[in-house]
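# Observations on the three-dimensional arrangement
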Amino acid sequence: MASEKSKTIHIIGAGISGLIAAQILENHGYAPTVIEATDSEGGRVKTDTVHGYNLDHGFQVLLTSYPAAQKYLNYKDLDLQYFLPGATIFKNNSISTIGDAFRNFGLLIPTILSTKVSVSDKFKILKLNRILKQKSIEDIFSEKETTTLQYLEKFGFSQKTIQNFFIPFFSGIFLETKLSTSSRMFEFVYKMFGTGYAAIPKAGIGEIPKQLKNNLSATSFLFNTKVTSVDNKTITLSNGETLESDEIIIATDPAKFITSKNSKKIAWKSCQTLYFETNKSVIKKPIIGLVANEDSLINNIFYSTSLPNTHTAKKQLLSVTVVRNHNLHESLLVKQVTKELETLCGITNVNFLKAYDIAKALPERENLSYAPFSEEIKLDNHITLAGDYLCNGSLNAAMLSGELAAKTVIENLENQTIPLE
Ligand SMILES: Cc1cc2nc3c(=O)[nH]c(=O)nc-3n(C[C@H](O)[C@H](O)[C@H](O)COP(=O)(O)OP(=O)(O)OC[C@H]3O[C@@H](n4cnc5c(N)ncnc54)[C@H](O)[C@@H]3O)c2cc1C
């Protein structure tokens, strides 16, 4: 056994899936090397400091109910800050708030008074909550898929509620505006929201991979090191160097450096997140803002400074997420978003800080699964795949994929079945 433990294992990609794979390998006595093209860990989960503000690379949240996140993250050390379970809806410069009054009593009166969602639909939202709390994740992912939109219509929600609440809320999560994403993902995400909270670490989403990396003690990292091809056991880097491996985990979309009959082309959904500094906030509480106008570029907004934070700058920080397709270059996009902030949300005097244009934000998949299928992750005898693109676009899926890839590699080396952690 000792000789197995000294085998050379390379993991390509220091995103969430690669970091979890490294952790599992370490737990079993291995010392892998992670090769990462950029200068830091995190992949799609990073935070920059710009003018004293922590800017996440795209607005994203951790859902505290994610089973894999509960297993691998220390929430207390992340100093998680929690969103209110609801949303503030903007439509044609009018504003109203709805939310789960059972979990936050302060949301009761605004929810009752809101006319953006009909009374009968407010009860249906509660009913759906109840149903999904009781439905197991296994049952959710074995259900026949429809689109999310078809699911909502079948459940009996009115077009008004779908337009004012579900479309902007879930467009911000699925990063597509037609709600064509699988009903399985809708049920899963809705269940996660209903059984836990949306949260961000006090110092930004990038604290999540930082914590995962800090937990590693036997793993080596090669940053600023780009892989250009992988062939059997040989990895070629962009500087022409080659590395020999016993086992390779590709923890990113493999299409750029491998041609294999087993690898599938992945389609990606994109979005932009723009950050603005403002003097005051139109939404005082930590709740997401949705723009319900059908043709607006802005999908959702959030005042990051409405949560306790570690920014050193003193004004308000507003993030704006754009999901709808457009052809605008950055300066025109900023102009259009600034105009919409004023006309649709009543937000004026904003100072643009930075925009993140994320071309490959979430994978597009049919036959969505909770975790990858074992038979789909083996590309070759010694090459195993990890990454959210193998099952569904979420932190939970990225973690599960890293876990399964490491388990597969260990089983290959030790020639025996090991249980998942
Ligand atoms: C804007 C946005 C919003 C999101 N919102 C949420 C949310 O609210 N909740 C949620 O759960 N999830 C959300 N997600 C999804 C979540 O961030 C991803 O599912 C997860 O981070 C994917 O991790 P990964 O390890 O699979 O891939 P990645 O994070 O893509 O990691 C791949 C790594 O491989 C590296 N790499 C690529 N090519 C090479 C190469 N040739 N050589 C060396 N290294 C290479 C990359 O630099 C990267 O570090 C969001 C994502 C985005 C972008």
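With an unreviewed UniProt entry as reference, the protein is termed Oxidoreductase, source organism Tenacibaculum platacis.

Attention shifts here to a positive patch on the surface. Together, Lys226, Lys256, Lys265 and Lys360 give the surface a local cluster of positive charge. Inspection of the secondary structure puts Lys226 in the loop between β10 (220–222) and β11 (227–231).

Okay, the packing of aromatic side chains next. The relative placement of two aromatic rings is captured by the distance of their centres and the angle of their planes. Applying the stated criterion to the full structure yields 25 aromatic pairs. Note on Phe83 and Phe302: the rings are 4.4 Å apart at their centroids and 25 degrees apart in plane angle, and the pair reads as stacked. Taken together, the residues Phe83 in the loop between β6 (80–82) and β7 (86–91) and Phe302 in strand β17 (residues 298–303) connect sequence positions 219 residues apart. Comparing Phe83 with Phe302, the two get one shared label, buried. Where Phe166 meets Phe186, the ring centres are 6.1 Å apart and the plane angle is 65 degrees; that geometry is what we call edge-to-face. Here Phe166, found in helix α9 (residues 159–174), pairs with Phe186, found in helix α10 (residues 183–195); they are 20 residues apart in sequence, far enough to count as distant. Look at Phe186 and you get buried, because its relative accessible area is 0%. An aromatic cluster is built from Tyr151, Phe155, Phe157, Phe165, Phe166, Phe169, Phe170, Phe174, Phe186, Tyr190 and Phe193, whose rings are joined through pairwise contacts. Its end group placed over the ring of Tyr197, Arg103 keeps NZ or CZ at 4.6 Å from the ring centre. Residue placement shows Lys213 over the ring face of Phe221; its charged tip is 5.0 Å from the ring centre.

Taken together, Ile109, Ile112 and Leu113 make up a surface patch of nonpolar side chains, about 340 Å² in accessible area. Here Ile112 lies in helix α5 (residues 108–113). Classification of Ile112 as exposed rests on a relative accessible area of 54%.

Here we come to the pattern of salt bridges. Under the defined criterion, the tally for this structure stands at 11 salt bridges. The partner of Lys210 in a salt bridge is Glu207, with the nearest N and O atoms 3.2 Å apart. Linking Lys210 with Glu207, this pair stays in helix α11 (residues 207–214), spanning three residues, or about one helical turn. Residue Lys407 is joined to Glu411 by a salt bridge in which the shortest nitrogen-to-oxygen separation is 2.8 Å. With Lys407 and Glu411 both in helix α13 (residues 395–414) and four residues apart, this pair spans about one turn of that helix. On the basis of relative accessible area, Lys407 is assigned to the buried category, the value being 15%. Within the structure, one salt-bridge network assembled from shared partners comprises Lys135, Glu143 and Glu187.

Before going further, it helps to examine the pairing of strand β1 (residues 9–12). Of the two faces of β1, the one carrying Ile9 and Ile11 and the one carrying His10 and Ile12 are both buried. Alignment of β1 against strand β14 (residues 247–250), held across four bridges, turns out to be parallel. By the bridge assignment for β14, His10 is matched with Ile248. In the sheet, β1 pairs with strand β2 (residues 33–35) via three bridges, with the strands oriented parallel. Following the sheet pairing, His10 is matched in β2 by Thr33. Taken together, β1, helix α2 (residues 16–27) and β2 form a β-α-β motif whose crossover is right-handed.

Attention shifts here to the side chain of Ser65. Along the chain, the position of Ser65 falls in the loop between β5 (62–63) and α3 (67–72). A distance of 3.0 Å separates a polar atom in the side chain of Ser65 from a polar atom in the side chain of Thr195. In this structure the side chain of Ser65 is engaged in a polar contact, spanning 3.1 Å, whose partner is the backbone nitrogen of Gly196. Apart from residues lying up to four places away in sequence, Ser65 is in contact with Gln70, Met192, Thr195 and Gly196.

What counts, and where the lines are drawn
- Along each chain, residues carry numbers from 1 onward, in the same order as the chain's sequence is written.
- For this predicted model, a pLDDT threshold of at least 70 governs which residues receive local features, and a threshold of 80 or more governs which side-chain atom pairs are given and counted, while totals over whole chains, interfaces and linings are taken from all residues.
- Water and hydrogen atoms were dropped before computing side-chain values, which therefore reflect all heavy atoms in the structure.
- Like charges are joined within 9 Å and nonpolar side chains (Val, Leu, Ile, Met, Phe, Trp, Tyr) within 5 Å, but only among residues with over 30% relative accessible area and no salt bridge; these make up the patches.
- Accessible surface area values rest on a Shrake-Rupley calculation with a 1.4 Å probe, where residue burial reflects the displayed protein chains alone.
- The salt bridge definition used is simple: a Lys or Arg side-chain nitrogen within 4 Å of an Asp or Glu carboxyl oxygen.
- A positive count includes Lys and Arg, and a negative count includes Asp and Glu. His and the chain ends are not counted in either.
- Positions of charges follow a simple convention, taking NZ of Lys, CZ of Arg, CG of Asp or CD of Glu.
- Numbering goes from the N terminus for both helices and strands, where a helix is a DSSP run of H or I of at least four residues and a strand is a run of E of at least two.
- Each aromatic pair joins two rings of Phe, Tyr and Trp (for Trp, the six-membered one) with centres within 6.5 Å, and gets the label stacked for planes under 30 degrees apart, edge-to-face for over 60, and tilted for any other angle.
- Think of it in three bands: with a 1.4 Å probe and only protein chains considered, a residue is buried below 20% of the maximum accessible area for its type, exposed above 50%, and partly exposed in between.
- The rule is short: NZ of Lys or CZ of Arg within 6 Å of the ring centre and within 35 degrees of the ring normal puts a charge over the ring.
- Criterion used throughout: strands pair if DSSP finds at least two bridges between them.
- Throughout, right-handed denotes a crossover for which the path from the first strand over the helix to the second runs clockwise when the strands point away from the viewer.
- Distance and chemistry together define a polar contact, namely a pair of N or O atoms within 3.5 Å, with one atom able to donate a hydrogen and the other to accept it when in protein, and with adjacent residues in sequence counting only for side-chain atoms on both sides.
- In what follows, residue pairs with any heavy atoms lying within 4.5 Å of each other are defined as contacts.

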